[in-house]
Amino acid sequence: MEITDVRVRKVAKDGKMKAVVSITFDNEFVVHDIKVIEGEKGLFIAMPSRKAADGEYRDIAHPINQETRAKLQQLILDKYENTEDPEPVEE
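Heads up: these notes are all about the structure in this document. Keep in mind that what you see is a predicted model, and the values were worked out from it rather than measured.

Unlike most non-glycine residues, Asn27 shows phi in positive territory, near 55°. With a phi close to 65°, Asp33 is a non-glycine residue in the positive phi region. For Asp33, the position within the fold is in strand S3 (residues 29–39). The partly exposed category is assigned to Asp33, whose relative accessible area is 41%.

Another point: helix H1 (residues 66–81). With 16 residues, H1 extends 22 Å from end C-alpha to end C-alpha; this agrees with the ideal 22 Å at 1.5 Å per step. Among all positions in H1, only Leu72, Ile76, Leu77 and Tyr80 are buried. Down the axis of H1, the sector holding all buried residues measures 125°, keeping them to one side. Opposite the packed face of H1, turned more than 90 degrees from it, sit the exposed residues Glu67, Lys71 and Glu81. The backbone nitrogen of Glu67 lies 3.3 Å from a side-chain oxygen of the residue at the head of H1, namely Asn65.

Before going further, it helps to spend a moment on the sheet that holds strand S2 (residues 17–25). Taken together, the four strands give an open sheet; going across it, the order is S1-S2-S3-S4, and neighbouring strands pair in antiparallel fashion. Either end of the sheet is taken by a strand with one partner, and the two such strands are strand S1 (3–10) and strand S4 (42–46). Across the sheet, the axes of successive neighbouring strands diverge by a mean angle of 25°, strand direction being ignored. With five bridges connecting them, S3 and S4 associate as antiparallel partners. Counted as the bridge partner of Val36 is Ile45 from S4. Contacts between H1 and the sheet are confined to S1, S2, S3 and S4, with S4 contributing the most and set at about 120° to the helix.

Rules and cut-offs
Residues numbered from 1 in each chain as written. Predicted model: local features only at pLDDT ≥ 70, side-chain atom pairs only at ≥ 80, totals over all residues. Heavy atoms only, no water. Helix = DSSP H or I, 4+ residues; strand = E, 2+ residues; numbered from the N terminus. Buried < 20%, exposed > 50% of the residue type's maximum accessible area, 1.4 Å probe, protein only. Expected span 1.5 Å × (residues − 1). Arc of directions from axis to C-beta. Polar contact = N/O pair within 3.5 Å; in protein donor to acceptor, adjacent residues only side chain to side chain. Pairing = 2+ DSSP bridges. Axes fitted to C-alpha atoms, helices over the stretch in contact; angles between N-to-C directions. Contact = heavy atoms within 4.5 Å.

This is the structure we're talking about:
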């Protein structure tokens with residue numbers, strides 16, 4: 001399976017979430033709402049999730065192994081770094 005497209009939408013407001021990303025596999029399957037988050041140790045990705053009845057958040061879609069997660073994260077963060085910042089929001 002090959003990642004054929006990565007679309008990054010940077011967030012204009014301050015906060016830990018820096019962007020929302022969509023990735024396409026083999027020009028046939030897309031995963032939306034992957035988030036780029038600024039953590040204590042730098043940027044990382046958070047897969048799309050949903051709040052369960054017990055109040056915990058559970059990933060809706062995610063890589064099965066660490067190797068795939070690392071590859072996906074590197075690809076997304078590289079694209080994020082090469083995407084222009086959005087125009088500031090005027091209040």
